[in-house]
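Chain by chain, the residues run as shown.
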Protein chains: 2
Amino acid sequence: MKAAILAVGDELLAPGRAETNSVFLTDELAKMGIPVVFRAVVGDDESAIEALLHRTLLGADVVFLTGGLGPTADDVTRDATARALSREMELDGDWLERIQKRFDRRGIVMPEVNRKQAMVPRGADLLPNRGGTASGLWIRVDGDKAVVLLPGPPVELRAMFEAEVEPRLSQQAGDVVYDVRKLWVTGLAESAVEQRVCETYLRYKNPATTILASAGQVELRLTATGTNKCAAVAANDLLVAELRALLGNHLFSECEEELEEVVGQLLVSQEKRIAVAESLTGGLIACRLTDIPGASAYFDEGFVTYSNEAKTSVLEVPALLFESVGAVSEEVARAMAAGARARTGADLAVAATGIAGPSGASETKSVGLVYIGLASSDGLRVEKYQFPGTRRQVKRWTSQAALNLVRLELLEH
Amino acid sequence: MKAAILAVGDELLAPGRAETNSVFLTDELAKMGIPVVFRAVVGDDESAIEALLHRTLLGADVVFLTGGLGPTADDVTRDATARALSREMELDGDWLERIQKRFDRRGIVMPEVNRKQAMVPRGADLLPNRGGTASGLWIRVDGDKAVVLLPGPPVELRAMFEAEVEPRLSQQAGDVVYDVRKLWVTGLAESAVEQRVCETYLRYKNPATTILASAGQVELRLTATGTNKCAAVAANDLLVAELRALLGNHLFSECEEELEEVVGQLLVSQEKRIAVAESLTGGLIACRLTDIPGASAYFDEGFVTYSNEAKTSVLEVPALLFESVGAVSEEVARAMAAGARARTGADLAVAATGIAGPSGASETKSVGLVYIGLASSDGLRVEKYQFPGTRRQVKRWTSQAALNLVRLELLEH
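The shown structure was predicted, so the numbers you read here are calculated from the model rather than taken from an experiment. (Residues numbered from 1 in each chain as written. Chains lettered and ligands numbered in written order. Predicted model: local features only at pLDDT ≥ 70, side-chain atom pairs only at ≥ 80, totals over all residues. Heavy atoms only, no water.)

**Considerations on the pairing of strand β3 (residues 62-66) of chain B**
Residues and elements named next belong to chain B. Short version of the rule: When a residue's accessible area, from a 1.4 Å probe over protein chains only, is under 20% of the maximum for its type it is buried; when over 50% it is exposed; and in between it is partly exposed. For the purposes of this entry, the term helix denotes a DSSP run of H or I that reaches at least four residues, the term strand denotes a run of E that reaches at least two, and both are numbered from the N terminus. Only strands joined by at least two bridges in the DSSP assignment are considered to pair.
The buried fraction of β3 amounts to 5 of the 5 residues, a majority that puts the element mostly inside the structure. Here β3 shows no split at all, with Val-62, Phe-64 and Thr-66 on one side and Val-63 and Leu-65 on the other all buried. Of the pairings in the sheet, the one linking β3 to strand β8 (residues 145-150) comprises 5 bridges and is parallel in character. Bridged to Val-62 within β8 is Ala-146.

This is the structure we're talking about:
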């Protein structure tokens, strides 16, 4: 079984724009042993899509089209597919009703253009979309082939793939099976990770390993093959066991859990509560902690004390410190953490102060200098960092380091 | 002049692999006013490349093929191109000599397979490669069209593009120039934007307009062409003026400024300060406000009051309200905004309370229900919303709506 992917949308061909749905689909299909043999990006051009779809079906058993399912005039994927497959378009009354209800729930009159989203090629199965008004479509072709239309917004596409596409495909999977494992590491630079592990992973032909770094996080991606799932998993297991030993506590997830998720689980299992006091991160640490469902089990409040006055009035940081050592200092990080813990009565309080840039540097303190304080029943500790990059990257690095400090504190006590 | 890109190589279709040459070429071509209308990734499959190249030439003036120029059996790009264009293959004696010398310099006998790299379609110009044995090829087709073969390794491709391709293209690119304009809109759903503007933009053949939506934001992208920059800009100006009138205050940026940037500029120009009180957004509004360099000019502090107790102790929200109307209510949003403004003495305070989901819904209040309060010298106002999507999307929608309320308040007063 072979797959092809056609991503539709003028905007995907614009400069500075990466097309991510194809990458996601390629990865997911590989896990099922279905190779992608062709991938294309086309504009919102009905005849181009039609011609390409026609050709592509010759070489693939299942063709995915992503995007162009919206209600507007430039959304032409449904019509182009119907024409390529010589199918009539019909109104799906049930789906129209669901779209109608979606608008009703929000107290909005459904715009007439949305009616178009309920027009489907004859014989197509609708794939429900919980996140939007564009349904997906599964169209059987020539008996055992299929053309599958998925919405362009990545969140909607991913949810629909998991809920609707994967179950249908897994009944038809192929003869080489993949197992992909992602190890997420923090607290080490990319080159430091590479040095620790490269000798080991290079000894393996199967799995193949790649390293990918972003601000404050390094991913080791292992791709193993086998004649069945068990064989591929076993090949990965061998290398993963070696890597675990080499990476120690720096390895924080083997199943794509963000750092805030790992921290949340530790807080829940230890029945501890956390408070946050933020200067340069401006709320990012609290925002990440509350991105996790059920965060109210361990998070009550956070303080974004951006000005010195706020640090003093809310967290009781001694005003003298700003003159003697400055707001970006070990002492202020310590006082912020202590103040947040005292004020809230939380088990843990983490605080960050630093220079996000681009301005704010001095002769002795450069952009990217950050102090993170942690207050707990064990007392107070402060770590100093020098992060690279833009303002947003420095904020991101800082939030990673702060969450990691909390994680290590919870692991060690 | 329009371009298409075919990236060739089985490895480019493997999982966990992003194809970067196309992105590089798209960006470089855009700078010269040459839009990419089609992009594909194909395996090392001679007949697939041949068929695709044949088709693609119909829609593009210049087609780039990248990769598959090596000496081994799976390098088929040269042969596939010659067949698609019905050209004979010939040995280029000069290039063979250069390859030979390259090996001589390294003291290695040239493998016989490398001879293949000097076989070129008749009439092709060789593009020298300083970094490898694969020359590029420039093949004129039908007078003014061209097929351009470039090596796959990004370093070689980039160097060859700069040294050989750009100078040739810039002589031909002069005749059509592009101007791209992006109008960013908030406070209206995608379909509502479409209904307001579609009749108008469809009257224009130049510029072409596309609509793209994300949580709380809709982009109208106008691409105009002209014989020179002034003509293209003028074509866009006409439609932009009409769209401005139709969109009114919903249009917040014409130059890719995020909402937080627009709000920051308004606060600076009006010399006002803002405070934030957040429940469901967990710090996201404060984080976005402080993403902007110089935010300390208008932002001192924010409060993430996640629990009811925090709302009362920090913002003096009357505890009785939680029992009578609940934390997600007009009254609590109002009290949070008033409390934040009173506590900080800021000119404006914005507050958000709602249900981010997935849990927390009740019989009368569903996931996505949000109240946003705004306190200013004019008094208090509260808006009610029902947002769709995941937890993170609801947070994002809420932050957009909150920043937009602030923007409208600042514009109107």
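**Quick word on the sheet that holds strand β12 (residues 251-253) of chain A**
All names here are of chain A. Put simply, the test is: Think of each axis as a best-fit line through the C-alpha atoms, taken over the contacting stretch in the case of a helix, with angles from 0 to 180 degrees between the N-to-C directions. Contact criterion: two residues are considered in contact whenever any of their non-hydrogen atoms come within 4.5 Å of each other.
Taken in spatial order, the 4 strands line up as β10-β11-β9-β12 in an open sheet, and their pairing is antiparallel. Edge positions in the sheet fall to β10 (208-214) and β12, since each has one partner strand and no second. Each strand of the sheet is rotated relative to its neighbour by a mean of 30 degrees, with strand direction disregarded. Where helix α7 (residues 229-247) meets the sheet, it contacts β9 (177-185), β10, β11 (217-226) and β12, and its direction lies at approximately 15 degrees from that of β9.

**Some words on the domain arrangement of chain A**
All names here are of chain A. So the rule is basically this: What fixes the domain bounds is an automatic or database domain assignment. The buried area of a pairing is the accessible area, by a 1.4 Å probe, that goes missing from both parts when the two are put together, added over both. Salt bridges are defined by distance alone: a side-chain nitrogen of Lys or Arg within 4 Å of a carboxyl oxygen of Asp or Glu.
Taken domain by domain, chain A comprises domain 1 (3-173), domain 2 (177-253) and domain 3 (259-411). Its C-alpha centre places domain 2 at a distance of 31 Å from the equivalent point of domain 3. On the side of domain 3, 10 residues touch domain 2, which itself brings 9 residues to the contact. Broken down residue by residue, the surface that domain 2 buries against domain 3 is led by Ala-215, Asn-249 and Phe-252, which jointly contribute 59%. Linking domain 2 with domain 3 are 0 salt bridges.

**Re the confidence of the model for chain A**
Filter applied, for reference: Note on scores: pLDDT gives the predictor's confidence for each residue, bounded by 0 and 100.
On average, residues of chain A score 92 in pLDDT, and 99% of them reach the 70 mark or higher. Two summary scores accompany this predicted model of the complex, namely pTM at 0.75 and ipTM at 0.75.

**Regarding the environment of A:Phe303**
Residues and elements named next belong to chain A. Residue position: Phe-303 is located in strand β14 (residues 299-305). Phe-303 sits in the buried class, given a relative accessible area of 1%. For the pair Phe-303 and Val-185, spaced 118 residues apart in the sequence, the C-alpha separation amounts to 28 Å.

**A look at the nonpolar core**
Going by this rule: As used here, the term nonpolar core means buried Ala, Val, Leu, Ile, Met, Phe, Trp, Tyr and Cys residues forming a set that is joined through side-chain atoms within 4.5 Å.
Residues A:Phe38, A:Leu65, A:Val147, B:Phe38, B:Leu65 and B:Val147 are the most contacted members of the largest nonpolar core, which totals 52 residues. With residues near it in sequence (within four places) discarded, A:Leu65 still touches A:Leu6, A:Val8, A:Ile49, A:Leu53, A:Thr77, A:Thr81, A:Val147, A:Val148, A:Leu149 and A:Leu150. Among the nonpolar cores identified, the runner-up in size contains 37 residues, and B:Ala215, B:Leu259, B:Phe299 and B:Leu405 belong to it.

**A few points about the packing of helix α8 (residues 259-270) of chain B against helix α13 (residues 391-412) of chain B**
Residue and element names in this part refer to chain B. To keep things clear, this is the line we draw: Any angle from 65 to 115 degrees is called roughly perpendicular, while one under 35 is roughly parallel, one over 145 is roughly antiparallel, and all others are oblique. Each crossing is labelled by how the near helix is turned from the far one, with a counterclockwise turn of less than a right angle marking it left-handed and a clockwise turn marking it right-handed. Residue classes follow a fixed rule: Ala, Val, Leu, Ile, Met, Phe, Trp, Tyr, Cys and Pro count as nonpolar, while Asp, Glu, Lys and Arg count as charged, and any other residue, Gly among them, counts as polar.
Between α8 and α13, the shortest axis-to-axis distance is 10 Å and the interhelical angle comes to 30 degrees. By the angle class used here, α8 and α13 are roughly parallel. Between α8 and α13 lies a crossing of left-handed hand. Between α8 and α13, the contacting residues are Leu-259, Glu-260, Val-262, Val-263, Leu-266, Leu-267 and Gln-270 on the first element and Gln-400, Leu-403, Asn-404, Val-406, Arg-407, Leu-410 and Leu-411 on the second. Split into classes, the residues belonging to the contact of α8 with α13 amount to 9 nonpolar, 3 polar and 2 charged.

**A few points about the interface of chain B and chain A**
Keep this limit in mind: We call two N or O atoms a polar contact when they sit within 3.5 Å, provided that within protein one can donate a hydrogen and the other can accept it, with sequence-adjacent residues counted only if both atoms are side-chain atoms.
With 67 residues of chain B in contact, the opposing surface of chain A contributes 71 residues. Between chain B and chain A, a total of about 5500 Å² is buried, with carbon and sulfur atoms accounting for 56% of that surface. When the shortest N-O distance is used, the salt bridge between B:Asp291 and A:Arg392 registers 3.3 Å. Linking chain B to chain A there are 30 residue pairs in polar contact (both at pLDDT 80 or more). Grouping the amino acids of the side of chain B that touches chain A by side-chain chemistry returns 31 nonpolar, 20 polar and 16 charged. When strand β2 (residues 36-42) of chain A meets strand β2 (residues 36-42) of chain B, the two strands line up antiparallel, connected through 5 bridges. Residue pairing across strands places A:Ala40 opposite B:Ala40, the latter belonging to β2(B).

**Some thoughts on the packing of helix α10 (residues 308-315) of chain B against helix α12 (residues 330-344) of chain B**
Residues and elements named next belong to chain B. It is at 9 Å that the axes of α10 and α12 come closest, and there the two elements cross at 35 degrees. In this structure, α10 crosses over α12, and the sense of that crossing is left-handed. Of α12, the residues touching α10 (which contributes Lys-311, Val-314 and Leu-315) are Val-332, Ala-335, Met-336, Gly-339, Ala-340 and Arg-343. When the residues that make up the contact of α10 with α12 are grouped by side-chain class, the tally is 6 nonpolar, 1 polar and 2 charged.

**Description of a negative patch on the surface**
Residue and element names in this part refer to chain B. What counts is decided by this rule: Only residues whose relative accessible area exceeds 30% and that form no salt bridge are eligible for patches; like-charged ones are grouped when within 9 Å, while nonpolar side chains (Val, Leu, Ile, Met, Phe, Trp, Tyr) are grouped when within 5 Å. Surface accessibility in these figures is a Shrake-Rupley result with a 1.4 Å probe; residues are shielded only by whichever protein chains are displayed. The positive count covers Lys and Arg only, the negative count covers Asp and Glu only, and His and the chain ends enter neither. Charge coordinates come from a single atom per side chain, which is NZ of Lys, CZ of Arg, CG of Asp or CD of Glu.
On the surface, Asp-10, Glu-11, Asp-45 and Asp-74 cluster together into a patch of negative charge. By the element assignment, Glu-11 lies in the loop between β1 (3-8) and α1 (21-31). Owing to a relative accessible area of 41%, Glu-11 belongs among the partly exposed residues under this scheme.

**Remarks on the pattern of salt bridges**
The tally for this structure, following the rule as stated, stands at 42 salt bridges over all chains. B:Arg140 is paired through a salt bridge with B:Asp125; the nearest N and O atoms lie 3.3 Å apart. Pair noted here: B:Arg140 is in strand β7 (residues 136-141) and B:Asp125 is in strand β6 (residues 125-127), with a separation of 15 residues, a long-range link. B:Arg244 is the partner of B:Glu254 in a salt bridge, and the nearest nitrogen-oxygen pair spans 2.6 Å. On the criterion of sequence distance, the pair formed by B:Glu254 in the loop between β12 (251-253) and α8 and B:Arg244 in helix α7 (residues 229-247) is long-range, its members being 10 residues apart. Judged by relative accessible area, B:Glu254 falls into the partly exposed class, the value being 29%. Here the salt bridges share partners, and the residues they tie into one network are A:Glu260, A:Arg288, A:Asp291, B:Arg392 and B:Lys395.

**Here's the deal with the packing of aromatic side chains**
The line we're drawing: Side-chain rings of Phe, Tyr and Trp (the six-membered ring for Trp) are treated as a pair once their centres are within 6.5 Å; stacked means planes under 30 degrees apart, edge-to-face means over 60, and tilted covers the remaining angles.
The full count for this structure, using the stated rule, is 12 aromatic pairs over all chains. Pairing A:Phe24 with A:Phe161 gives two aromatic rings, centres 5.8 Å apart and planes at 80 degrees, and the pair type is edge-to-face. Taken together, the residues A:Phe24 in helix α1 (residues 21-31) and A:Phe161 in helix α5 (residues 154-170) connect sequence positions 137 residues apart. The class of A:Phe161 is buried, set by a relative accessible area of 0%. Ring geometry for A:Tyr306 and B:Phe299: centres 5.6 Å apart, planes at 75 degrees, overall edge-to-face.

**Let's talk about the pairing of strand β8 (residues 145-150) of chain A**
Residues and elements named next belong to chain A. Of all 6 residues in β8, 6 are buried; the element is thus mostly enclosed. By the bridge criterion, 5 bridges tie strand β7 (residues 136-141) to β8 in an arrangement that is antiparallel. Within β8, the position partnered with Trp-138 by the bridge is Val-148. A loop of 3 residues connects β7 with β8, the two strands running antiparallel in sequence, and Asp-142 in this loop sits at a positive phi of about 50 degrees.

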